[in-house]
Amino acid sequence: MSDPDEDSCPDPRRRGVLRTGGVLVALALARPALADANGLKAAIAAYSGGREAKPGRVTIDVARLVDNGNAVPITVRVESPMSAADHVRAIALFNERNPERDVARFALSERSGRAVVSTRIRLATSQQLVAIATMSDGSLWAGAVDVVVTLAACIEGEG
Amino acid sequence: MARTLITVPQDAKRGDVIEIRVLIAHPMETGYRVASDGKQVPRDILRRFTCRLDGEVVFAAALFPAISANPYLAFPLRVERSGTLSFAWEGDGGFMQTETATLNVA
Amino acid sequence: MTGALASLALGVLASGLLAVGSAHAQQDARRSGYDDMSSATQAMQRDDTQNPAMLFVADGEALWKRPAGSDAKTCASCHGDARTGMRGVAARYPAFYGSLARPVTLGERLNLCRTRQQRAEAWRAESAELLALEAYVALQSRGQVITPPDDTRLAPFRARGEQRYRRRIGQLDLACAQCHDDHAGKRLGGSTIPQGHPTGYPIYRLEWQALGSLQRRLRGCYSGVRAEAPPYGALELVELELYLASRAAGMPVESPAVRP
């Protein structure tokens, strides 16, 4: 079973040379390929060792408009037979605008039976979330979602 | 010892994929919060969760400050036979806690 | 709106207990804050295996059985199993406490028992222990309806609570009634303004990332309109709670609830 703390590609021989220019991770983003102001793409590239993650098979279930950014329920699902030969080894969740890009990394195995993990996360503001799934054959898949987070309208100082 | 709430279905049959849920009381202090005295509150989070079945890791998670306070995790497990589940949390300040639960599989 | 609400409340009290959702000639226009939440937050409350408040309910259950005070008595020593002994109790609070000649909240009543019966030190307002025990006791009323006591001694306090509910306060010069009666259901920023019924206290509030009492929530509202919040335990807050309970009479208790 893989260690969730590891990058998806711990073997240095498999780290390819970073592609010059362009997008390292081909995600089906609706927005244009902007400069990576928040380091999201860089964080994903560091995790994936620069390897490309194909969009698909990964779904992020989250409310599109959250009640409160302190505790946002989220479920990540990956299509996979979860057999010994073909299963999800790891799921990594990234955010775009919190102080840090990492949210969580999960390690699964063929014993998991299904590739579905739920948790609750903090979102500082409206932003994109990206989930990267690493398969047992080493391939990477990605899913993304945009979430709207509004601050509480009533500012309550507590004293 | 932090309070935990662990849910393991007790009606599983061999080959079922069950969902295990764990909740633990912990503030998950991000390290970015400023207290009312103007001082930054230091980071104090849980960093790792591991679930083992009869000693073998079946699920693990690396947690970051973006995980909410009182962290909740729900994860799957295909069950073949009864056994003992253990749940371990590790975190800042030397935090370590392990809980166990029986897995009954028909 | 206020006249209709007052007559509705009287109608409910006069006709006895009314569970929300039951057939009634006049549709109950009252909504719990639960109805204004997203389905994800509702799911968090509905499921005891997911509701963060249940962590603290478990603490409360442990406190119920913990000896305290000079005689090392537990709550159970006098009240037995909370599931029977405390059934319906939280639904009747605030209630009149004779020797203090005023109403008290559930939290205050727990502390009175602790100091006067167990002869132990009172727990600080909003302390983890008091909130945990309050959550455990309030859980024993879940599913029952809010049932303010039919006690004439409460009348003058309730009347003052209602006056406070309608009085404009703070730099923003707003009264509770303006948001929670006149504009309930509309949006303030990205949030829906709830009607403000105390159906689920103590709540796990996502904004606090913690369990908290109705007093904490009310004090937050005072700050929100830029008014000085009365201190914890102030009679003004208890009177407001008393009025809110009568305004919500007949609505089901959801404690411990989750709220944004």
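Sequence order sets the numbering: in each chain, residues are counted from 1 along the sequence as written. A letter from A marks each chain and a number from 1 marks each ligand, given out in the order of writing. Owing to the predicted nature of the model, reporting of local features is limited to residues with pLDDT of at least 70; listing and counting of side-chain atom pairs is limited to 80 or more, with chain, interface and lining totals taken over all residues.

Caption draft 1: Fine view of the packing of helix α6 (residues 106-117) of chain C against helix α7 (residues 128-139) of chain C. Residue and element names in this part refer to chain C. Direction vectors running N to C along α6 and α7 enclose 110°, while the axes themselves pass 10 Å from each other. Considering the angle they form, α6 stands roughly perpendicular to α7. Facing α6, whose interface residues are L106, G107, L110 and N111, α7 presents L130, L133, E134, V137 and A138. Gly is placed with the polar residues, together with every amino acid not listed as nonpolar (Ala, Val, Leu, Ile, Met, Phe, Trp, Tyr, Cys and Pro) or charged (Asp, Glu, Lys and Arg). Per-class residue counts for the contact of α6 with α7 are six nonpolar, two polar and one charged. Simply put, an axis is a line fit to the C-alpha atoms, just over the touching stretch for a helix, and the angle between two N-to-C directions goes from 0 to 180 degrees. By the criteria applied, helices consist of DSSP H or I runs no shorter than four residues and strands consist of E runs no shorter than two, each listed in order from the N terminus. Reported orientations rely on four angle classes, namely roughly parallel under 35 degrees, roughly antiparallel over 145, roughly perpendicular from 65 to 115, and oblique for the rest. By the convention adopted here, residues are in contact when the distance between their C-beta atoms, placed from the backbone, does not exceed 7 Å.

Caption draft 2: View of the packing of helix α3 (residues 53-64) of chain C against α7 of chain C. Residue and element names in this part refer to chain C. The contact between α3 and α7 brings their axes to 7 Å, and the two run at 95°. Judged on the interaxial angle alone, α7 and α3 are roughly perpendicular. Where α3 abuts α7, its residues A53, F56, V57, D59, G60, E61, L63 and W64 lie against E129, L131, A132, L133, A135, Y136 and L139. A class-by-class count of the residues in the contact of α3 with α7 yields 11 nonpolar, one polar and three charged.

Caption draft 3: How the structure looks around the interface of chain B and chain C. Contact residues are listed per partner, giving nine residues for chain B and eight residues for chain C. Broken down by secondary-structure element, the contributors of at least two residues to the side of chain B that touches chain C are β1 (4-7) and β2 (17-24) of chain B. Split by residue class, the side of chain B that touches chain C holds five nonpolar, two polar and two charged.

Caption draft 4: Quick peek at helix α8 (residues 155-166) of chain C. Residue and element names in this part refer to chain C. Multiply 1.5 Å by the residue count of a helix minus one, and that product is the helix's expected span. Taking 1.5 Å of rise per residue, 12 residues should cover 16 Å, and α8 covers 17 Å from first to last C-alpha, within 8% of that figure. What α8 keeps buried is the set F157, R158, G161 and E162. Down the axis of α8, the smallest arc covering the buried residues is 140°, so these residues share one side. Pointing more than 90 degrees away from the buried face of α8 are the exposed residues A155 and P156. Check the buried side of α8 and you find it contacts β2 (102-104) and α11 (235-247). Residue burial is a threshold on neighbouring C-beta atoms within 10 Å of the residue's own C-beta, all placed from the backbone, with 20 or more meaning buried, 12 or fewer meaning exposed, and counts in between meaning partly exposed. Here the arc refers to the directions that run from the helix axis out to each C-beta atom.

Caption draft 5: How the structure looks around the sheet that holds strand β7 (residues 258-259) of chain C. Residue and element names in this part refer to chain C. Spatial strand order, β6-β5-β7: three strands in an open sheet with mixed pairing. Of all strands in the sheet, those with a lone pairing partner are β6 (210-212) and β7, marking the two edges. Any two strands between which DSSP finds at least two bridges are classified as paired. Where strand β5 (residues 203-205) meets β7, two bridges bridge the pair, whose relative direction is parallel. Bridged to Y204 within β7 is V258.

So, to be careful, I would describe these as geometric facts and stop short of saying anything about function.
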